[in-house]
Amino acid sequence: MGTLAFTHDGLPYFTSRRRFPLTKVQTRYLNARTIVRTTTIEQTLLDTLHRPQRCGGPEVVCESWERGLSLIDEGALAACLRLPEGHVLVRRVGAMLAHLGHRPQNDDLRGVLLPGGKDDDAPIALLPGIQYSRVDPTWRVLVP
C-alpha cells in the first residue's frame with residue numbers, strides 16, 4: 001500500500017500518503033529511537049478497496065480480505081464504516097463480504113451493513129478502476 005521503508009523483525013514497513021484518515025493512526029515504539037505510525041488491519045483492508053492497484057491489484061485485494069477476515073475486529077470495522085465518507089465503503093465491504101461468503105457475527109457491523117445499496121444508487125465497481133459487468137443487486141456494486 002505504499003513504498004517499502006524498512007523491515008524490522010521480519011515485518012515490512014511501508015510509507016504512504018492519505019487524503020483523509022478513516023480511523024486513528026496508531027503509534028508504535030519499536031525502540032528508543034524508532035517510532036512508526038501504523039493503521040489497524042481494518043483500516044488497511046478498507047484502503048485496499050480505495051486503491052486496489054497500489055496494493056497489487058484485484059487478486060491481492062481478495063487474498064488480503066480472505067486472510068484478514070479471521071483477524072479483524074468487526075466492531076472496529078463497523079466504526080470505520082460509520083464515518084460520513086463511509087457510504088460507498090459500506091457498499092463495497094458488504095459486497096466483498098458477500099463475495100467471500102462471510103456473515104458478520106458482530107451486531108454493530110450487521111447494523112451498519114443492513115441498508116445496502118438503494119435502488120436509486122448508481123452501481124459502483126467493487127474495486128475502483130477495475131471493470132466488472134455483474135451487479136450485486138443487494139449492494140448495487142459491480143462484482144466479478
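For the structure, check the block above.
The text that follows walks through the structure, step by step, so that each part is easy to find. (Residues numbered from 1 in each chain as written. Predicted model: local features only at pLDDT ≥ 70, side-chain atom pairs only at ≥ 80, totals over all residues. Heavy atoms only, no water.)

## Some points on the overall build of the protein
The criterion, for reference: Secondary structure is summarised from DSSP: a helix means a run of H or I of at least four residues, a strand means a run of E of at least two, and numbering begins at the N terminus for each. For every residue, the accessible area (1.4 Å probe, protein chains only) is compared with the maximum for its type, and the residue is labelled buried under 20%, exposed over 50%, or partly exposed between those bounds. Contacts are assigned to residue pairs that have any heavy atoms within 4.5 Å of one another.
A tally of helices and strands in the protein yields five helices and seven strands. When the helices and strands of the protein are read in sequence order from the N terminus, they spell out β-β-β-β-α-α-α-α-α-β-β-β. Counting all 144 residues of the protein, 38% fall into the buried class. For the protein, restricting intrachain contacts to residue pairs at least 6 apart in sequence, the fraction spanning at least 24 positions comes to 52%.

## Structural notes on the pattern of salt bridges
Keep this limit in mind: Should a side-chain nitrogen of Lys or Arg be within 4 Å of a carboxyl oxygen of Asp or Glu, the pair is scored as a salt bridge.
In the structure shown here, the tally under the stated rule is three salt bridges. A salt bridge links Arg 67 to Glu 63; the shortest N-O distance between them is 3.1 Å. Of the two residues, Arg 67 and Glu 63 are both situated in helix H2 (residues 58-68); the distance of four residues between them amounts to about one turn of the helix. Where Arg 82 meets Asp 108, a salt bridge forms, and the shortest distance between an N and an O atom there is 3.8 Å. Residue Arg 82 is found in the loop between helix H3 (74-81) and helix H4 (86-99), and its partner Asp 108 is found in helix H5 (residues 107-113); the two are separated by 26 residues along the sequence.

## Considering the nonpolar core
The condition is simple: Residues enter a nonpolar core if they are buried and are Ala, Val, Leu, Ile, Met, Phe, Trp, Tyr or Cys, with the set joined through side-chain atoms within 4.5 Å.
Within the largest apolar cluster, 31 residues are counted, with the highest numbers of intra-cluster contacts made by Leu 49, Trp 65, Leu 81, Val 93, Leu 113 and Leu 126. For this core, the secondary-structure elements that each account for two or more residues are helix H1 (41-50), H2, H3, H4, H5 and strand E7 (141-143). Sort the elements by how many residues they give to this core and H4 lands first, with six residues. Setting aside residues no more than four positions away along its own chain, Leu 113 makes contact with Leu 81, Val 90, Val 93, Gly 94, Leu 97, Pro 104 and Trp 139.

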